2 protein chains.
Amino acid sequence: MTSSDEALNARHNEKAKKRQAAKAKIMADKTQEKGLLIVHTGKGKGKSTAAFGLVARAIGHGMKIGIVQFIKGSWATGEKAVYAAFPGQVEHKVMGEGFTWDTQDRARDIEWARQGWEEVLRMVRDPAYDMVLADELNIVLRYEYLPVEEVVAGLVDRPAMKHVIVTGRNAPDALIEAADLVTEMVQVKHPFRSGVKAQKGIEF
Amino acid sequence: MTSSDEALNARHNEKAKKRQAAKAKIMADKTQEKGLLIVHTGKGKGKSTAAFGLVARAIGHGMKIGIVQFIKGSWATGEKAVYAAFPGQVEHKVMGEGFTWDTQDRARDIEWARQGWEEVLRMVRDPAYDMVLADELNIVLRYEYLPVEEVVAGLVDRPAMKHVIVTGRNAPDALIEAADLVTEMVQVKHPFRSGVKAQKGIEF
């Protein structure tokens, strides 16, 4: 090691010590445990995938998870094989045949949105569920199939340790306002642009 | 249903038909299958969680996955319980004791970075693995513990159907340039700000 390497290392190590001390101080103040209202929004990929990551992690902890899927599509065989390995932990409901993209009947879509929301509300209120995922609920709100105020009030009023995850682009402001954790997934680059189709293990 | 509702529904249904036709046309051109180089970057949460979502989905499809974790932390009991339910599918390596935040020895960190990268490269080249996750590799590149050119070249030169996922904030431009799919996770709201600690099923 040269002397300039040694100097670089020494500076780095000194900085790392300070950073570690600062982090320890911050973390010492974080003592609260509570159920989080989590929102994954934005046009990029990863909103439902990150939600499934949270679900899978919770499965691994022995938690009970309720999922209501508002748009048909990406949740399929990969996810279900994981649930099957942990019987009784995941209840996954798919509303209707999926909204909007594949149906052409707005009145029926609104009815299904209502049914889906009633399922979410049941799971949110039932203390048996540790985590509830309302996948693509934001789309339903965007189309005004459900009143935003009613949905936000229903999600906020829940048992103290219940985690709720809502996904979908265009999360309404009132939901973002009410949430504890909001991540926007921004699309920087997408393979569909270059002719690649949806693939096993990636999109489904 | 009022006549104005009916008119709204009719307009909506007409639009939905057009949208569905447009989507079908786009999807018909997407015929290519290839291993993707995926990057999750940005300061927001969900980078590693979405990667774990992809891993869990791939597990459900019976794929074999290699994971090299460059920073100690969030990958823990939840994830490992999922792997354990699918014996032999996931090989998960943790490099050293984790970089930067908890060590104060740059020379040793660089050695571990090199060891981790050799593991990634082995998994990327070995056709037995369908998917390889280099978790927080971007941090290592950010600190210049490994040459970016060498890493990008190693990830690009891989079997045709191999999926590779790289996570971590501050993804270097050369990696973004080489990637097929890049999502930036943007932090809109974070519960640590309001005194909530890392919790089971959410952060680990």
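Everything numeric in this text was worked out from a predicted model, so none of it was measured.

## Brief notes about helix 3 (residues 77–84) of chain A
When we look at burial in helix 3 of chain A, the residues that qualify are A:Gly78, A:Glu79, A:Val82 and A:Tyr83. Along the long axis of helix 3 of chain A, the arc covered by the buried residues comes to 135°, so they all point the same way. The inward-facing, buried residues of helix 3 of chain A contact helix 2 (47–60), strand 2 (65–69) and strand 3 (90–94) of chain A together with helix 2 (47–60) and helix 3 (77–84) of chain B.

## Let's talk about the interface of chain A and chain B
The interface is formed by 80 residues belonging to chain A together with 80 residues belonging to chain B. Taken together, the two surfaces of chain A and chain B that pack against each other cover about 7,200 Å², and 59% of this comes from carbon and sulfur. Viewed at the interface, chain B and chain A are joined by 2 salt bridges. The closest approach of N and O atoms between A:Glu79 and B:Arg57, which form a salt bridge, is 2.8 Å.

## Some details on the relation of the copies chain A and chain B
Relative to chain B, chain A is turned by 180° and slid 0.0 Å along the rotation axis, the superposed coordinates differing by an RMSD of 0.0 Å. One copy is carried onto the other by what is essentially a two-fold rotation axis. Take the interface residues of chain A: 100% of them recur as interface residues in chain B, which is what a same-surface contact looks like.

## Some thoughts on unusual backbone geometry
In the Ramachandran plot, A:Asn170 falls in the positive-phi region, its phi being about 60° despite a non-glycine side chain. By the secondary structure assignment, A:Asn170 is in the loop between strand 5 (163–167) and helix 7 (173–178).

## Considering the packing of helix 4 (residues 106–125) of chain B against helix 6 (residues 148–156) of chain B
Residues and elements named next belong to chain B. Their axes nearest at 9 Å, the elements helix 4 and helix 6 cross at an angle of 20°. As summarised for this structure, helix 4 and helix 6 are arranged roughly parallel, according to the angle between their axes. Crossing angle aside, the handedness with which helix 4 passes helix 6 is left-handed. Facing helix 4, whose interface residues are Arg114, Trp117, Val120, Leu121 and Val124, helix 6 presents Glu150, Val151, Gly154 and Leu155. Residues that form the contact of helix 4 with helix 6 fall into these classes: 6 nonpolar, 1 polar and 2 charged.

## Quick notes on the pattern of salt bridges
If you walk through the whole model with that rule in mind, you get 18 salt bridges over all chains. A cluster of three or more residues bridged by salt bridges with shared partners is formed by A:Glu91, A:Lys93, A:Glu119 and A:Arg122.

## Let's talk about the pairing of strand 2 of chain A
All names here are of chain A. Across the 5 residues that make up strand 2, a large majority, 5, are buried. Judged by which residues are buried, strand 2 turns out to be covered on both faces: Ile65, Ile67 and Gln69 on one side and Gly66 and Val68 on the other are all buried. One ladder, built from 5 bridges, connects strand 2 with strand 4 (residues 131–135); its direction is parallel. From the neighbouring strand, Gly66 faces strand 4, where its bridge partner is Val132.

Cut-offs applied
- Residues numbered from 1 in each chain as written.
- Chains lettered and ligands numbered in written order.
- Predicted model: local features only at pLDDT ≥ 70, side-chain atom pairs only at ≥ 80, totals over all residues.
- Heavy atoms only, no water.
- Buried < 20%, exposed > 50% of the residue type's maximum accessible area, 1.4 Å probe, protein only.
- Helix = DSSP H or I, 4+ residues; strand = E, 2+ residues; numbered from the N terminus.
- Arc of directions from axis to C-beta.
- Contact = heavy atoms within 4.5 Å.
- Buried area = accessible area lost by both parts, 1.4 Å probe.
- Salt bridge = Lys/Arg side-chain N within 4 Å of Asp/Glu carboxyl O.
- Least-squares fit on C-alpha atoms with pLDDT ≥ 70 in both.
- Axes fitted to C-alpha atoms, helices over the stretch in contact; angles between N-to-C directions.
- Parallel < 35°, antiparallel > 145°, perpendicular 65-115°, else oblique.
- Left-handed = near helix turned anticlockwise from the far one by under 90°.
- Nonpolar A, V, L, I, M, F, W, Y, C, P; charged D, E, K, R; others polar.
- Pairing = 2+ DSSP bridges.

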